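Per-entry structural report
Each chain, letter by letter, is given below.
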Amino acid sequence: MQQHWKRLADGVELSAAQTDKFKTGLLAVTLTIPLSGETATAGALIPEVLGRGSRNHPNMEQLSAASDALYGASLGPVVRQRGESQCISFLSSFIDDRYALDGSAVLEPAASLMGEVLLDPALQDGVFRRDYVESEGVNLADRIEARVNDKRGWAVFRLVQEMCAGEAYAVDKLGSAQLARSMTAERLWADYHALLSQARVNFYYGGAARPERVEDAVRRAFAPLLTGRDAPVLCQVEPEPRGPVRTVTDAMDVTQGKLAMGFRTGGVTIASDDYPALLVCNALYGGSANSKLFVNVREKLSLCYYASSMLDKVKGLMVVSSGVEFSQFDRAQAAILAQLEEVKRGGFTKDELTAAIRAVAGSLRGRQDSQGQMEDDRLTNVLFHSAAGEGEELIRAVESVTADQVTKAARGLKLDTVYRLTGKEG
């Protein structure tokens, strides 16, 4: 696999992973803007409205037929959060030219269709179609309000809200349900043009086509986007907790308690030299099937229905997520912290370290078998300048991590906020 990168204009970049490993190609365009409560709802709603139809294919039936004509190509939006940025993307997956029955090119028409959907939408009276805005606003509001139905995810969401209150990171990437329902076509149209002119633009291609061909297809299909823009991507990283540990408790009609604990990583992020060691530390502590949280807190002590840790590699956070009996909150919290202290003092065997390294390396290698995950990783690395590289370079760095490096990474982890979701009395 050969990685290519080129600046097409200030704030506009193209990344290409040239490989014949897959039978399909993947093309993505991502518009990245600062995460803000004022713009997040529009940022989440715009791609859904665009996906309803373009000027030439003004409804989903015609748009689907256009995709089907490209050997069943897929085209869809996705909204992601990267640190304190909202990333608004369209991704298209399509058959590689080698497998087209008549040997025709598929990349170029797929890029053209994506450019049409993004840049030439179906309109009504010079703005977005009002029925599309209204129906997609209701759909988005329903998605936002449905978050609470997944109590495990909800506990982590509420932890982040409390832990990062006052930071852009706490803003919901999907925005506000109330604003989604009240959004007008005129306001969304204005937000759409602001997005096109102000966002940082990243194109990604993964597949067998030559980079020069990809660049030509992008330039033809997305010409209006290839204008210079001042669009820095920043993320405020708090190395340490800003005060004493806070405990926040919510009561809901649940039968199982949720305990979520948020840690600052001492400023270690994807842009840090210590990032590979933090990956291994997380796997050893709670990020793998052989982790200390799983083996000791869940299996041996039976204090949790589940217990695991995960990293935000951009923001510099680690979150422990667990399900507990209401009566076991204190014991489970103490046991989770005790296992972290074990890692900090080097209380792990060579076999445990090896298993953690293998788990991280295996996960990273597995991501190279998925075009979608490769695109996701590449976007993060380009936006936030990975110090450890990516792909095989990052895997080699992980495989060389030492026990001392793991304990150093662990000592940088400081508990910031604890969130407890408990049942209602009676």
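Residues numbered from 1 in each chain as written. Predicted model: local features only at pLDDT ≥ 70, side-chain atom pairs only at ≥ 80, totals over all residues. Heavy atoms only, no water.

Counting secondary structure elements, the protein chain contains 15 helices and 13 strands. Radius of gyration (C-alpha) of the protein chain: 23 Å, near the 22 Å computed for a compact globule of 426 residues. Over its C-alpha atoms, taken along the principal directions, the protein chain stretches across nearly 60 × 50 × 40 Å. The buried share of the protein chain, reckoned over its 426 residues, is 54%. Carbon and sulfur atoms make up 49% of the accessible area of the protein chain, which totals about 18500 Å². For the protein chain, the distance from the average site of its 48 positive side-chain charges to the average site of its 55 negative ones is 4 Å. (Helix = DSSP H or I, 4+ residues; strand = E, 2+ residues; numbered from the N terminus. Rg over C-alpha atoms; globule rule 2.2 N^0.38 Å. Buried < 20%, exposed > 50% of the residue type's maximum accessible area, 1.4 Å probe, protein only. Areas by Shrake-Rupley, 256 points an atom, 1.4 Å probe, with all protein chains shown as cover. Lys, Arg positive; Asp, Glu negative; His and termini not counted. Charge placed at Lys NZ, Arg CZ, Asp CG, Glu CD.)

On to the pattern of salt bridges, then. Here the structure, examined in full by the defined rule, presents 41 salt bridges. Residues Arg213 and Glu108 are paired through a salt bridge, measuring 2.7 Å at the closest nitrogen-oxygen approach. Within this pair, whereas Arg213 is found in helix α8 (residues 211-221), its partner Glu108 is found in helix α3 (residues 107-119), the two being separated by 105 residues in sequence. Here Arg130 makes a salt bridge to Glu186, at a shortest N to O gap of 2.3 Å. One end of the pair, Arg130, is in helix α4 (residues 130-145); the other, Glu186, is in helix α7 (residues 185-198), and 56 residues separate them in sequence. (Salt bridge = Lys/Arg side-chain N within 4 Å of Asp/Glu carboxyl O.)

Turning next to the environment of Gln371. In this fold, Gln371 is placed in helix α13 (residues 371-384). C-alpha separation for the pair Gln371 and Phe329, spaced 42 residues apart in sequence, amounts to 41 Å. Setting aside residues no more than four positions away along its own chain, Gln371 makes contact with Phe22, Thr24, Gly25, Leu26, Gly206 and Gly207. (Contact = heavy atoms within 4.5 Å.)

The side chains of a regular strand alternate, first on one face of the sheet and then on the other. With respect to burial, strand β10 (residues 257-264) is a largely interior element, eight of its eight residues being buried. Burial along β10 is two-sided: the residues Gly257, Leu259, Met261 and Phe263 and Lys258, Ala260, Gly262 and Arg264 are all buried. Bridge count between β10 and strand β12 (residues 317-324): eight bridges; the pairing is antiparallel. Counted as the bridge partner of Gly262 is Val319 from β12. Here seven bridges tie β10 to strand β13 (residues 414-423), and the two strands are oriented antiparallel to one another. What sits directly across from Gly262, in β13, is Thr417. (Pairing = 2+ DSSP bridges.)

Moving on, we get to the nonpolar core. Ranked by size, the top nonpolar core spans 62 residues in total, and within it Val29, Leu118, Leu188, Phe203, Phe222 and Leu225 carry the most contacts. Looking at which element gives the most residues to this core, the answer is α3, with seven residues. Leave out the neighbours within four places in its chain, and Phe203 touches Leu8, Val12, Glu13, Leu14, Ser15, Ala28, Val29, Val218, Phe222, Leu225 and Leu226. Judged by nonpolar contacts, the second largest core, of 52 residues, contains Ala277, Phe348, Leu379 and Val401. (Core = buried A, V, L, I, M, F, W, Y, C linked by side-chain atoms within 4.5 Å.)

Turning next to the sheet that holds strand β11 (residues 306-312). The strand order across the open sheet built from five strands is β9-β13-β10-β12-β11, with neighbouring strands paired in mixed fashion. Of all strands in the sheet, those bounded by a partner on one side alone are β9 (246-252) and β11. With strand direction ignored, the average angle separating the axes of adjacent strands in the sheet is 15°. Here helix α9 (residues 275-285) sits on the sheet in contact with β10, β11 and β12, set at roughly 170° to β11. Packed onto the sheet, helix α10 (residues 292-300) meets β11 and β12 and runs at close to 150° relative to β11. (Axes fitted to C-alpha atoms, helices over the stretch in contact; angles between N-to-C directions.)

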